[in-house]
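Spelled out, the chains give:
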Amino acid sequence: MTASAPHRLARVRPLSSTVADEHFFVANDAPDFGSDAGRSWTVVDSPFEASRANANHPARPGWETGTVVDQESFTFLAPSVPANVFGMAHNTGQAGRNLPPQAFHKAASSVIGPGDAIELSSTVGYVDPEAELTVVVGRTVRGLTLETARSAILGFTIGNDVSARDLQKSDELWISAKSQDTFTPVGPWIVTDLDDSDLAISMVHNGAELKAASSADLGWKVDEILVYLSSFMTLHAGDLVLTGFPAECARIQPGDTVLCRVEGIGELRNPVKAASWEETPA
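Residues numbered from 1 in each chain as written. Predicted model: local features only at pLDDT ≥ 70, side-chain atom pairs only at ≥ 80, totals over all residues. Heavy atoms only, no water.

Some remarks on the packing of aromatic side chains
Part 1 of the argument: This model, assessed by the stated rule, comprises 11 aromatic pairs.
Part 2 of the argument: Between W41 and W189, the aromatic rings sit 6.0 Å apart at their centres with planes inclined by 40 degrees, giving tilted as the arrangement. In this pair, W41 is assigned in strand β3 (residues 40–44) and W189 in strand β14 (residues 184–191), connecting sequence segments 148 residues apart. The same class applies to W41 and to W189, which are both buried.
Part 3 of the argument: Seen from their ring centres, F76 and W189 are 5.3 Å apart, and the 75 degrees between their planes marks the pair as edge-to-face. Of this pair, F76 sits in strand β5 (residues 74–76) while W189 sits in strand β14, and the two are 113 residues apart along the sequence.
Part 4 of the argument: Members of the aromatic cluster, joined through ring pairs, are F24, F33, W41, W63, F74, F76 and W189.
Part 5 of the argument: The aromatic ring of F33 is capped on one face by R8, whose charged end is 4.0 Å from the ring centroid.
Part 6 of the argument: Note that R97 overlies the ring of W220, its terminal NZ or CZ placed 4.5 Å from the centroid. (Phe/Tyr/Trp six-rings, centres within 6.5 Å; stacked < 30°, edge-to-face > 60°. Helix = DSSP H or I, 4+ residues; strand = E, 2+ residues; numbered from the N terminus. Buried < 20%, exposed > 50% of the residue type's maximum accessible area, 1.4 Å probe, protein only. Lys NZ or Arg CZ within 6 Å of the ring centre and 35° of its normal.)

Take a look at the structure:
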C-alpha cells in the first residue's frame, strides 16, 4: 500500500440535471465523512482516463472541474460504469483457500447504485444479499504479479452480491442466480489508499444487525485475486471485483431494506421491491 492518506471519489448525478445519464466525478479528502467538510465535494476529472463510459459529462455552470458542490446537490451513482463485474466463489477462510481460485461473471447490466431498489421477480425463490469488499480497477491490465497487483487498484467500494440460491442449484454457471437486473448494488463511493487487510464486513437486515466478519477471513486475498483474474483476461478501468462474503446474511423479500457495511468505506443501503417488469398496468 502507498503511504498516502485515503480519500474518496464518487460518480454523481446533479439533482438539477435535465440531461439523460449526466454524471460527474467528485472528490473529498476529509477524514470524517459525516462532517461539514465531508459533505463538501470538488468536481474532478474522471479517474478512469481510458474509459469513455466513465468520462465526465461536458461541464456546465456550477459543474466545472474544481467547483465545490454540496452533497445535498447530487445523487450518488454506482462509482463506475464497468465493462466487467466479477465475484469470487467459495472464498472464505482456509476451506476456500484449499480450493483453486474460481471467479464468476456478473452482468454489468446488473449494477445499480446506492438507494436503488433490488427487484425480485415472483418466481426467483430464495435470495440472499452478500456485503463484499469490492476492488475498483484503475487501469487496463493483463498478467499482473503479486508485485504489480496493487498498481491496478484505484480504490475500494462496497458491493452487494445479490444471489438467488435456488437458481444456483439449477444453473451450474450461476448466470441466472447472479446476473439478474439490479442484483449488483455498488457504492456509495471509492476510497483510495485503504489498508484492506483486516476490515470489518457486516450487514443490517430490516434494522437487525447480523454477525460481522473481516476481510482477513477471505481465503484468497485481493492481490492474489487480481493476479488470478488478469492471468486469463484483460481487466479494464472501472471494472469491479467483489472479493467474497465471510459474514452472516439473511433472506430478502419485497418490502425489506438491506444495508451493507465495510469498515473504512461506509454503508450501502438499498430497498427491496417486487420486480417492476411484473407490475400490472393501471
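Still to come is the rest of the account.
Quick word on the side chain of N160
Part 1 of the argument: Mapped onto the elements of the fold, N160 is located in strand β12 (residues 153–160).
Part 2 of the argument: Excluding anything up to four places from it in sequence, N160 contacts I118, P129, E130, F183, T184, P185, L242, V258, C260 and L268. (Contact = heavy atoms within 4.5 Å.)

Overview of the pairing of strand β7 (residues 103–106)
Part 1 of the argument: Going residue by residue along β7, you find F104 and K106 tucked away on one face and A103 and H105 left uncovered on the opposite face.
Part 2 of the argument: Inspection of the sheet shows strand β6 (residues 85–88) paired to β7 by 4 bridges, in the antiparallel sense. Looking across to β7, one finds that F86 is bridged to H105. (Pairing = 2+ DSSP bridges.)

Structural notes on the nonpolar core
Part 1 of the argument: In this structure, I118, L226 and I265 are the most contacted members of the largest nonpolar core, which totals 58 residues.
Part 2 of the argument: Sort the elements by how many residues they give to this core and helix α4 (residues 222–230) lands first, with 5 residues.
Part 3 of the argument: Setting aside its immediate chain neighbours within four residues, L226 contacts V135, L144, A149, I153, L235 and V241.
Part 4 of the argument: Formed by 15 residues, the second largest nonpolar core is a distinct cluster that contains F25, V44, V111 and V136. (Core = buried A, V, L, I, M, F, W, Y, C linked by side-chain atoms within 4.5 Å.)

Looking at the pattern of salt bridges
Part 1 of the argument: All told, the structure shown has 12 salt bridges when counted by the stated rule.
Part 2 of the argument: Two residues, E224 and R97, come together in a salt bridge whose shortest N-O distance is 2.7 Å. Of this pair, E224 sits in helix α4 while R97 sits in helix α1 (residues 93–97), and the two are 127 residues apart along the sequence.
Part 3 of the argument: For E224, a relative accessible area of 22% corresponds to the partly exposed category.
Part 4 of the argument: On the basis of relative accessible area, R97 is assigned to the partly exposed category, the value being 31%.
Part 5 of the argument: Salt bridges linked by common partners bring K106, D161 and K178 together as one network. (Salt bridge = Lys/Arg side-chain N within 4 Å of Asp/Glu carboxyl O.)

Side note on the state of the cysteines
Part 1 of the argument: Counted by the stated rule, this structure contains 0 disulfides.
Part 2 of the argument: For the unlinked cysteine C249, the closest cysteine sulfur is that of C260, found at 10 Å.
Part 3 of the argument: Given the relative accessible area of 25%, C249 is considered partly exposed. (Disulfide = S-S within 2.5 Å.)

Some thoughts on the layout of surface pockets
Part 1 of the argument: Taken as a whole, the largest pocket encloses approximately 220 Å³ of empty space.
Part 2 of the argument: Lining the largest pocket are 15 residues; nearest its centre among them are R11, R13, L77, A78 and V81.
Part 3 of the argument: Looking at the lining of the largest pocket, the elements that each hand over two or more residues are β1 (8–14) and β8 (111–112).
Part 4 of the argument: Of the residues belonging to the lining of the largest pocket, the class tally is 8 nonpolar, 3 polar and 4 charged. (1 Å grid on protein atoms, 1.4 Å probe; cavity = no way out; pocket = protein on both sides within 12 Å on 5 of 7 lines; lining within 4 Å. Points joined across faces, edges and corners; volume = space filled by probe spheres on them. Nonpolar A, V, L, I, M, F, W, Y, C, P; charged D, E, K, R; others polar.)

Here's the deal with α4
Part 1 of the argument: By the criterion of burial, α4 is predominantly enclosed, with 7 of the 9 residues buried.
Part 2 of the argument: Buried within α4 are the following residues: V222, D223, I225, L226, Y228, L229 and S230.
Part 3 of the argument: Those residues of α4 that are buried are in contact with β6, β7, β11 (131–137), β12 and β18 (240–242).

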